[in-house]
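# Chain and residue survey
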Amino acid sequence: PRTEVSTEGYDLMLAVDTSRSMTALDFSRNNRPVSRMAVVKGVMGKFIENRGGDRVGLVIFGNQAFVQSPLTLDLQAVRGVLNDVVPGMAGNATAMGDAIALSIKKLRERPEGSRVLLLVTDGESTAGLVPPMEAARLAAREGVRIYAIGVGSNKEEVMILGTDGQYQEESDIGMDENALTRIAGLTGGAYFRATNTRALEEIYGQIDTLEKTEAQSRTVMIPRPLFQWPLGLALLVLLGMGLFPEGRMRMPGGTYGA
């Protein structure tokens, strides 16, 4: 027998900035300083767990953009990949436009009406081949909504991990919030600013309430196991062969019946 199965949910691509500035210690957890990346991974991990029915993928970007996880219903796998992300693994710059373009390339293969990109960054675009605004216009044409999240405090000086492995105080270049607002607005999405852990959690809470849309409909075959019938017959034959070798019943003591 076969049945039609429809699932409701989004095709949600997460694009995470992994530039060196994501090591900045301007967030706190339990009154202890933590890095931007640590907070993003913690909050996003919980967010991914609650996306039942959604396909989730992961793109990271620094000097270049890379797909770390394709769109999948295996949320635990995506979270595991996210936990392994570290600042600098894709370079120390911020190729924001390339990240948007790569995410669109993967999302355009999915049904219309369910394509969502969650862009997480703490700076302005400093690298890449595709200008962010051009990528945003492409997203609008492909029906991809972008929710941009700017991560970082308003401090002018922050502690950032240096190339020598030691934290040092550096000037924070800040974010181009006007550009992020325009990028999100062009696609029908929204821009959020997360200056602390609570603000970031509230942002994900708002996005988590997005209305579900039908993502796909597929035909599923429902298997009905029938192996027990031939297996039972085979066991009976095997038992008969043991009890009646050469067509005669085996008797105790090695003798055979008449």
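Details of the structure are given in the entry above.
The following paragraphs examine the structure supplied in this document.

Thresholds applied
- Residues numbered from 1 in each chain as written.
- Predicted model: local features only at pLDDT ≥ 70, side-chain atom pairs only at ≥ 80, totals over all residues.
- Heavy atoms only, no water.
- Pairing = 2+ DSSP bridges.
- Helix = DSSP H or I, 4+ residues; strand = E, 2+ residues; numbered from the N terminus.
- Axes fitted to C-alpha atoms, helices over the stretch in contact; angles between N-to-C directions.
- Parallel < 35°, antiparallel > 145°, perpendicular 65-115°, else oblique.
- Left-handed = near helix turned anticlockwise from the far one by under 90°.
- Contact = heavy atoms within 4.5 Å.
- Nonpolar A, V, L, I, M, F, W, Y, C, P; charged D, E, K, R; others polar.
- Core = buried A, V, L, I, M, F, W, Y, C linked by side-chain atoms within 4.5 Å.
- Buried < 20%, exposed > 50% of the residue type's maximum accessible area, 1.4 Å probe, protein only.

Moving on, we get to the sheet that holds strand E2 (residues 11-17). Remark on secondary structure: sheet strands pair via backbone hydrogen bonds, oriented parallel or antiparallel. Strand order across the open sheet formed by six strands is E6-E5-E2-E7-E8-E11, with mixed pairing between neighbours. Strand pairing shows two members of the sheet lacking a second neighbour, strand E6 (65-72) and strand E11 (190-194), which therefore form its edges. Across the sheet, the axes of successive neighbouring strands diverge by a mean angle of 15°, strand direction being ignored. Two elements, E2 and strand E5 (residues 55-61), share seven bridges in a ladder whose sense is parallel. Within E5, the residue paired with Asp11 across the bridge is Arg55.

With their axes 8 Å apart at the nearest point, helix H3 (residues 96-107) and helix H4 (residues 132-141) run at an angle of 20° to one another. Judged by the inter-axis angle, H3 sits roughly parallel to H4. Crossing handedness for the pair H3 and H4: left-handed. Within the contact between the two elements, H3 uses Met96, Gly97, Ile100, Ala101 and Ile104 and H4 uses Pro132, Ala135, Ala136, Leu138 and Ala139. Taken together, the residues that form the contact of H3 with H4 break down as nine nonpolar, one polar and no charged.

Another aspect to go through is the nonpolar core. Inside soluble globular proteins, nonpolar side chains tend to come together where they are buried. Formed by 34 residues in total, the largest nonpolar core has its most connected members in Leu14, Leu118, Ile149 and Tyr204. Top element by residues in this core is helix H1 (residues 36-49). It accounts for seven residues. The residues touching Leu14, leaving out its near neighbours within four places in the chain, are Met44, Phe47, Ile48, Val56, Gly57, Leu58, Val59 and Leu118. Counting 26 residues, the second-largest nonpolar core is a separate cluster that includes Leu71, Met96, Leu117 and Tyr191.

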